[in-house]
Amino acid sequence: MRLDKFLADCGLGSRKDIKKMISKGLVTVNGTVCKAAQTAVDEGDEVYCGGKKINYEKFIYLMMNKPQGYISATEDKHKKTVLDLLGEEYKYFTLFPAGRLDIDTEGFLLLTNDGNFAHNILSPKKHVDKTYFAEINGEITSEHIKMFENGITLEDGYKTLPSTLKILKSGEKSQVEITVCEGKFHQIKRMFEAIGTHVVYLKRIAMGNLFLDENLKKGEVKKLTKEEIEKIIGGKNGHN
Ligand code: URA
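Conventions we followed
Residues numbered from 1 in each chain as written. Predicted model: local features only at pLDDT ≥ 70, side-chain atom pairs only at ≥ 80, totals over all residues. Heavy atoms only, no water. Near = heavy atom within 4 Å. Polar contact = N/O pair within 3.5 Å; in protein donor to acceptor, adjacent residues only side chain to side chain. Areas by Shrake-Rupley, 256 points an atom, 1.4 Å probe, with all protein chains shown as cover. Helix = DSSP H or I, 4+ residues; strand = E, 2+ residues; numbered from the N terminus. Buried < 20%, exposed > 50% of the residue type's maximum accessible area, 1.4 Å probe, protein only. Contact = heavy atoms within 4.5 Å. Phe/Tyr/Trp six-rings, centres within 6.5 Å; stacked < 30°, edge-to-face > 60°. Salt bridge = Lys/Arg side-chain N within 4 Å of Asp/Glu carboxyl O. Arc of directions from axis to C-beta. Pairing = 2+ DSSP bridges.

Overview of the site of the ligand
1) Next: By nearness alone, every residue bordering the ligand is listed as Leu 101, Asp 102, Thr 105, Tyr 132, His 186, Gln 187, Ile 188, Lys 189 and Leu 202.
2) Next: Within the backbone of His 186, an N or O atom sits 3.2 Å from an oxygen atom of the ligand.
3) Next: When the ligand is considered free in solution it has 240 Å² of accessible area, and contact with the protein chains removes 95% of it.
4) Next: The biggest single contributor to the shell around the ligand is helix α5 (residues 187–194), with three residues.

Here we look at the side chain of Thr 28
1) Next: Mapped onto the secondary structure, Thr 28 falls in strand β1 (residues 27–29).
2) Next: Overall, Thr 28 belongs to the buried group, its relative accessible area being 19%.
3) Next: Residue contacts for Thr 28: discarding those within four places in its chain leaves Val 33, Cys 34, Glu 46, Val 47 and Tyr 48.

Quick look at the packing of aromatic side chains
Centre distance and the angle of the planes are the two values used to describe a pair of aromatic rings.
1) Next: All told, the structure shown has five aromatic pairs when counted by the stated rule.
2) Next: Measuring from centroid to centroid gives 5.1 Å for Tyr 61 and Phe 117, while their planes differ by 75 degrees, and the two rings are edge-to-face. With a gap of 56 residues between them, Tyr 61 in strand β5 (residues 61–66) and Phe 117 in helix α3 (residues 115–122) connect regions that are remote in the sequence.
3) Next: The exposure class of Tyr 61 is buried, given its relative accessible area of 12%.
4) Next: Residue classification places Phe 117 among the buried residues on the basis of a relative accessible area of 8%.
5) Next: An angle of 65 degrees between the planes, with centres 6.1 Å apart, marks the rings of Phe 133 and Tyr 201 as edge-to-face. Pair noted here: Phe 133 is in strand β8 (residues 130–137) and Tyr 201 is in strand β11 (residues 198–207), with a separation of 68 residues, a long-range link.

Some points on the pattern of salt bridges
Any two side chains of opposite charge can pair, so long as their charged atoms come close to each other.
1) Next: All chains considered together, the criterion is met by 16 salt bridges.
2) Next: Bridged by salt links that share partners, the residues Arg 2, Asp 4, Arg 15 and Lys 19 form one connected network.

Let's talk about helix α2 (residues 15–23)
One turn of the α-helix equals 3.6 residues, which is why residues spaced by three or four share an orientation.
1) Next: Among all positions of α2, only Ile 18, Met 21 and Ile 22 are buried. Buried positions in α2, seen along its axis, are confined to an arc of 100 degrees and lie on one side of it.
2) Next: Looking at the buried positions of α2, the neighbouring elements they touch are α1 (3–9), β1 and β3 (47–49).
3) Next: Where α2 ends, the next residue or the one after it, Gly 25, has phi of about 85 degrees, a positive value.

Some details on the sheet that holds β1
1) Next: Sheet architecture is open: four strands sit in the order β2-β1-β3-β4, paired in antiparallel fashion. Every other strand in the sheet has two partners, leaving β2 (32–33) and β4 (52–54) as the edge strands with one partner each.
2) Next: Two elements, β1 and β2, share two bridges in a ladder whose sense is antiparallel. Bridging across to β2, Thr 28 finds its partner in Val 33.

Description of the side chain of Asn 113
1) Next: Mapped onto the elements, Asn 113 comes out in the loop between β7 (105–112) and α3.
2) Next: Since its relative accessible area comes to 14%, Asn 113 is described here as buried.
3) Next: One polar contact links the side chain of Asn 113 to the main-chain carbonyl oxygen of Lys 58, over a distance of 3.4 Å.
4) Next: Within the local environment of Asn 113, its side chain forms a polar contact with the backbone nitrogen of Ile 60, the two atoms lying 2.8 Å apart.
5) Next: Contact partners of Asn 113, with chain neighbours within four places excluded, come to Lys 58, Phe 59, Ile 60, Phe 93, Thr 94, Leu 95 and Phe 96.

Right, here's the structure in full:
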């Protein structure tokens, strides 16, 4: 690939900025200053920019601890989007959220620039587990565990696939963990509405086998390693 594409894929700036850095002699390839943006390089080449080693990365995958008040979109005329939370270092990657959390839902949101990966984890056929912690107005009992296992019929007649409910606290206000393997619109809230209760707080705590890093403050992101990414596609997270 061209040297300017290599650097752009690594998020080093706009094409224009990158061409400037190259022509100024700030970029070396395998130890030699390279002033031609079209120079052919490959992933194994040793590229330095402004003295910093650039490891080629075509795709990046970020775990975000999404706060409330942000929408899971790349742009919006009126509301803040999750991309507004990202620092400068991620500005030149064309990141998007792989899946959505409601504006008032918190927790694990995956951001990537890898369209195929996003498609795969969202595909209903792949059945990637998503686990949520929820606070519910209303009593949740072991009867509900069976109902969720058998599938819940939502208000539009759709019957959900089997899901796993774990009761953490039961009473007028209950706390649960719920694992679903599909992602219908407002699914968790609608499932609890269907049993006559109401979700008052919702946080996604896992995707597949990968749990939200509790050290991430609200609004922070961390780059995922290959092993962590594989835990997502690995599917089941032991709650089912
Ligand atoms: N289900 C919901 O109802 N809301 C979310 O944000 C995610 C799952």
